[in-house]
Amino acid sequence: MSDAPTFERDLADVPTSAFGSRSLTWWGVIAFMAIEATGFALAIGAYFFLMAHEHSWPPEPWLPPDLLAGTLFTTLIVLSEVPNTLAKHAAEKHDLPAVRRLLIVMAVIGAVLLVLRGFEFNSLNVRWTDNAYGSVIWLLLFLHTTHIATDWADTLVLAALMHTREGEEARRFTDTSENSLYWRFVWLTWLPIYLLLYWLPRWAP
């Protein structure tokens, strides 16, 4: 028998989670955002396609959407990046008490945003069945609402897990960090939609 060398290594200290591009979760979130960004781009493209094929845009008679609910929503979702960034940094430092507090803050913000979104639908002053303009702006608003709702549900689950023994596991901090990354995608994609819904029709000749 040959005395072949054997190589052994203790893997007990090898980390089981990571942040950023070293994490499979990060790559999954990036891929998901790329897919969803394509969906938003197609919906916005449909808006401009319909706009180019109408004699007037929006079609007459047209009552501009009320600005109050949409502007309040936009202000809050942009300001939400402050606690969102704090939650991401806390997760990457494994600061469990801070993560617990900030996830609750983000969950409350998500709930308020969904309530405001309900008022937004009511303030469009057009139904989705009225014309092509109504259909496409309802589509854009509904598409974005699904992302708000799914991220809010994910935040609620993470907030609950962080208050259990699972919250001490390293992978939950990675989940929290990548959830914060996705929230940036959610509010950034809203900004061009806000301009399309509330301001472009007002500026159009």
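Residue positions are given per chain, counted from 1 along the sequence in the order it is written. Thresholds applied to this predicted model are a pLDDT of at least 70 for local features of residues and 80 or more for the giving and counting of side-chain atom pairs; totals over whole chains, interfaces and linings are not thresholded and use all residues. To obtain the side-chain values, all non-hydrogen atoms of the structure were used and water was disregarded.

Right, let's talk about the pattern of salt bridges for a bit. Salt bridges are identified by distance alone: a Lys or Arg side-chain nitrogen within 4 Å of an Asp or Glu carboxyl oxygen. Within this structure, the stated rule accounts for 5 salt bridges. Here R117 and E120 are joined by a salt bridge, their closest N and O atoms 2.7 Å apart. Here R117 pairs with E120, and both are found in helix α4 (residues 96–122), just 3 residues apart, close to one helical turn. Comparing R117 with E120, the two get one shared label, buried. Salt-bridge contacts for D130 lead to R127; the nearest nitrogen and oxygen are separated by 3.2 Å. Working definition: helices are DSSP H or I runs of at least four residues, strands are E runs of at least two. Numbering for both runs from the N terminus. Each residue's exposure class comes from its accessible area (1.4 Å probe, protein chains only) as a fraction of the maximum for that residue type: buried when under 20%, exposed when over 50%, partly exposed otherwise.

Among the secondary structure elements, T176 is positioned in helix α6 (residues 170–203). We call two residues in contact when some of their heavy atoms are within 4.5 Å. Not counting chain neighbours up to four residues away, the residues in contact with T176 comprise A87, A91, V99, L103, L158 and M162.

So, on to the packing of helix α1 (residues 24–52) against helix α5 (residues 132–162). Following both chains from N to C, one finds α1 and α5 inclined at 165°, their axes separated by 9 Å at the closest point. In terms of axis orientation, α1 runs roughly antiparallel to α5. The hand of the α1/α5 crossing is left-handed. Contacts between α1 and α5 involve E36, G39, F40, A43, I44, A46, Y47 and L50 from the former and A132, Y133, V136, I137, L139, L140, L143, H144 and H147 from the latter. Looking at the contact of α1 with α5 residue by residue, the classes come out as 13 nonpolar, 3 polar and 1 charged. All axes are obtained by fitting lines to C-alpha atoms, using only the stretch in contact for helices, and the reported angles, taken between N-to-C directions, cover 0 to 180 degrees. Comment on the angle field: the value is read as roughly parallel under 35 degrees, roughly antiparallel over 145, roughly perpendicular from 65 to 115, and oblique elsewhere. Should the near helix be turned anticlockwise from the far one by less than a right angle, the crossing is left-handed, and should it be turned clockwise, the crossing is right-handed. For this scheme, ten residues count as nonpolar: Ala, Val, Leu, Ile, Met, Phe, Trp, Tyr, Cys and Pro. Four count as charged, namely Asp, Glu, Lys and Arg, and the remainder, Gly too, count as polar.

Attention now moves to the packing of aromatic side chains. Ring geometry is summarised as follows: Phe, Tyr and Trp rings, the Trp one being its six-membered ring, pair when their centres sit within 6.5 Å, and such pairs are stacked at plane angles under 30 degrees, edge-to-face over 60 and tilted between the two. Tallied over the entire structure, the rule returns 12 aromatic pairs. With centroids separated by 5.4 Å and ring planes inclined at 85°, the aromatic side chains of Y47 and W57 adopt a geometry described as edge-to-face. Of the two residues, Y47 sits in helix α1 while W57 sits in the loop between α1 and α2 (67–79), which places them 10 residues apart along the sequence. Across the pair, exposure class does not vary: Y47 and W57 are buried alike. Considering the side-chain rings of F73 and W190, the 5.3 Å spacing of their centres and the 70° angle between planes classify their relative orientation as edge-to-face. Within this pair, whereas F73 is found in helix α2, its partner W190 is found in helix α6, the two being separated by 117 residues in sequence. W190 shares its class with F73; the two are buried.

Moving on to the UniProt feature "transmembrane region" (unreviewed entry) in the chain. The positions that UniProt labels "transmembrane region" (unreviewed entry) are, in the present scheme, residues 24–47, 98–116, 136–161 and 181–200. Spanning residues 24–47, this segment combines 100% helix with 0% strand, and its end C-alpha atoms are found 35 Å apart. What you have in residues 98–116 is 100% helix and 0% strand, and the ends, taken at the C-alpha atoms, are 27 Å apart. UniProt positions are given in the numbering used here, feature names are shortened, and annotations may be inferred rather than shown by experiment.

Glancing now at the packing of helix α3 (residues 81–92) against α6. Helix-helix packing is characterised by the crossing angle of the two axes and by the distance between the axes. Following both chains from N to C, one finds α3 and α6 inclined at 155°, their axes separated by 8 Å at the closest point. The angle between the axes of α3 and α6 places the two elements in the roughly antiparallel class. The two elements α3 and α6 meet at a crossing, and its hand is left-handed. Here E81, N84, T85, A87, K88, A91 and E92 of α3 come into contact with α6, specifically with F173, T176, S177, E178, S180, L181, W183, R184 and W187. Along the lines of polarity and charge, the residues of the contact of α3 with α6 split into 6 nonpolar, 5 polar and 5 charged.

Within the fold, T189 resides in helix α6. When its relative accessible area of 15% is taken as the criterion, T189 is described as buried. Of the polar contacts made by the side chain of T189, one reaches the backbone oxygen of F185; its length is 2.9 Å. Not counting the four nearest positions on each side in its chain, T189 is found in contact with F40 and H144. The definition of a polar contact used here is a pair of N or O atoms within 3.5 Å, where within protein one atom must be able to donate a hydrogen and the other to accept one, and adjacent residues in sequence count solely through side-chain atom pairs.

In this section: the nonpolar core. Among the nonpolar cores identified, the biggest contains 34 residues, and Y47, I77, I137, L140, W183, W190 and L197 are the most heavily contacted of them. Counting residues per element, the ones that place at least two in this core are α1, α2, α4, α5 and α6. Broken down by element, this core gets its largest block of residues, 12 residues, from α6. Residues in contact with L197, not counting those within four places in the same chain, are P65, L124, Y133, I137, L140, L141 and W190. By size, the runner-up hydrophobic cluster in this structure holds 12 residues, among which are A90, A91, L96 and L102. Among buried residues, the Ala, Val, Leu, Ile, Met, Phe, Trp, Tyr and Cys ones that are joined through side-chain atoms within 4.5 Å form a nonpolar core.

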